[in-house]
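Coordinate analysis (summary)
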Amino acid sequence: SPQPPSPQRPPSPQPVATSDRQPEAPPSPSLSSEPPAQTPPNPTASFRATRSRCVIHLLLIQATSTVIERLWGFLATANITALLGCLRRSIAFARRFNADYPLRLALWRAGFLENIPSLNMQESIGTTNYLRVLTQMLLQQPVLRPESLPTLPPGSTLPGAPARIPPRPLVPLVITATDADERRGHAEELLFNEMQQVLANYLALRQAALQAALQAQPAPAPAAQQPAAPPAPTPQQAVLTAISLARQCDVGSAKNAVVFVLETLATPQRISDHLFKGHLGSLYRMLVELIDDDLHEVRLPLVALFGKRIPTALAMAPLSSALPEEAVASSQRKAAC
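Parameters at a glance
Position numbers for residues count from 1 along each chain, tracking the sequence in the order it is written. At least 70 in pLDDT is required for a residue's local features to be given in this predicted model, at least 80 for side-chain atom pairs to be given and counted, and no such filter applies to totals for whole chains, interfaces and linings, which use all residues. Hydrogens and water molecules were not included; the side-chain quantities draw on all heavy atoms of the structure. Note on definitions: angles span 0 to 180 degrees between N-to-C directions of axes, and those axes are lines fitted to C-alpha atoms, for helices only across the stretch in contact. Working definition: helices are DSSP H or I runs of at least four residues, strands are E runs of at least two. Numbering for both runs from the N terminus. When an angle is under 35 degrees it counts as roughly parallel; over 145 it counts as roughly antiparallel; between 65 and 115 it counts as roughly perpendicular; any other value is oblique. We call two residues in contact whenever any of their non-hydrogen atoms come within 4.5 Å of each other. Three categories are distinguished: nonpolar for Ala, Val, Leu, Ile, Met, Phe, Trp, Tyr, Cys and Pro, charged for Asp, Glu, Lys and Arg, and polar for the others, with Gly belonging to the last. One less than the residue count of a helix, multiplied by 1.5 Å, gives the span that helix is expected to have. Categorising residues by exposure relies on relative accessible area from a 1.4 Å probe, with only protein chains included: less than 20% of the type maximum marks a residue as buried, more than 50% marks it as exposed, and the intermediate range marks it as partly exposed. The term nonpolar core refers to a set of buried residues drawn from Ala, Val, Leu, Ile, Met, Phe, Trp, Tyr and Cys, joined through side-chain atoms within 4.5 Å. Bend, in this description, refers to the angle at a residue between axes fitted to the seven residues ending there and the seven starting there. Here a crossing is called left-handed whenever its near helix is offset anticlockwise from the far helix by less than a right angle, and right-handed whenever the offset is clockwise.

Moving on, we get to the packing of helix α4 (residues 120-138) against helix α6 (residues 235-265). To describe two helices that pack against each other, one gives the angle between their axes and the distance between the axes. Where α4 meets α6, the closest approach of the two axes is 9 Å, and the angle between their N-to-C directions is 10°. With respect to α6, the axis of α4 lies roughly parallel. From α4, Asn-120, Met-121, Ser-124, Thr-127, Thr-128, Leu-131, Arg-132 and Thr-135 reach across to α6, where they touch Cys-249, Asp-250, Ser-253, Asn-256, Ala-257, Phe-260, Val-261 and Thr-264. Residue composition of the contact of α4 with α6, grouped by class: six nonpolar, eight polar and two charged.

And the structure:
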């Protein structure tokens, strides 16, 4: 008998290939693969910020004058040492900038300033205050009765102190003989080393200013070709003139520290005869070179030095041990002129 047909099985579904990757979302416009465009720095804003820092730097240096004059009796030796360190770093920074004429010319050519920039005031005032602190240390005497010093009322604070800081009285310090000797011994070497550097720096600046003035002078034209009106300065001539003016400003600013050094050396109440005689040999050559200086403020204290102080020191010490013979002969020739 015929077999009934077997039922047909439905075809099994084929496996569908799956993947772990999720469908990618459309890129967001804020998360683009390209880096965001950077805003170029504003040279004018950068210059203004730098100039503000220089002004603040100068104000801080000037504030040390008030600290020296009004608060000296309240300063411990550690405070004075920290103050000297800050002044020393400020002076070194200003001197490096003032000596870097390529940098100063580049800033001037950028068009931010009419004249070649400098940190002459920072260097001059900082050096003078540095010398003043060392002179005060050299004159330090023991203070066993602090009530004899000018004191502030109880509970008073320094001018300009924030109101949120509780009042704190300032008590003058007792300076023992050991503390006074330590201050004088620490100050002597630093003071005379700085005096030598101030005088040497001034003489170098004066020589550089003279050379810059000679280079800035235009070459004379032949008599047959002299024009009726002076020709306009060339760009190179304008640069040389600007450098000459900047060099003159450098000399005029450095003069303040030189005058302080000369007045200190000429005053026996500041520098004792013993110290003056001991350090005269290292300063004498530079003092002789200053005799023919063009500035009256520099020549005036030299009158007291060569008129009384130096002859007294020469009489106190043998010439061969204290002064070079050629330096003495040179000073005598200049004084005769």
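Turning next to helix α2 (residues 77-99). Since the α-helix turns once every 3.6 residues, residues separated by three or four places project in the same direction. Between its first and last C-alpha, α2 extends 33 Å over 23 residues, near the 33 Å set by a 1.5 Å rise per residue. Looking at α2, one finds that the buried residues are Ile-80, Leu-83, Leu-84, Leu-87, Ser-90, Ile-91, Ala-94, Arg-95, Phe-97 and Asn-98. As for α2, its buried residues are in contact with α1 (43-71), α3 (101-109), α4 and α5 (177-216).

Okay, the nonpolar core next. Generally speaking, a soluble globular protein has its nonpolar side chains buried in company with each other. Residues Val-133, Leu-265, Leu-287, Leu-290 and Leu-305 are the most contacted members of the largest nonpolar core, which totals 49 residues. Of all the secondary-structure elements, those providing two or more residues to this core are α2, α4, α5, α6, α7 (273-289) and α8 (296-316). Broken down by element, the residue count for this core peaks at 10 residues, all from α5. Apart from residues lying up to four places away in sequence, Val-133 is in contact with Ile-68, Trp-72, Ile-80, Leu-83, Leu-84 and Leu-87. In this structure, Leu-105, Trp-108, Ala-212 and Ile-243 belong to the second largest nonpolar core, which totals nine residues.

Let us look at α6. For α6, spanning 31 residues, the distance from its first C-alpha to its last is 45 Å, which sits close to the expected 45 Å at 1.5 Å a residue. At Lys-255, α6 shows its largest kink, close to 30°.

Between α3 and α6, the shortest axis-to-axis distance is 12 Å and the interhelical angle comes to 120°. Taken as axis vectors, α3 and α6 run oblique relative to one another. When you trace α3 past α6, the crossing you get is right-handed. Facing Tyr-101, Arg-104, Leu-105, Trp-108 and Arg-109 of α3, the residues of α6 in contact are Ala-238, Val-239, Ala-242, Ile-243, Ala-246, Arg-247 and Asp-250.

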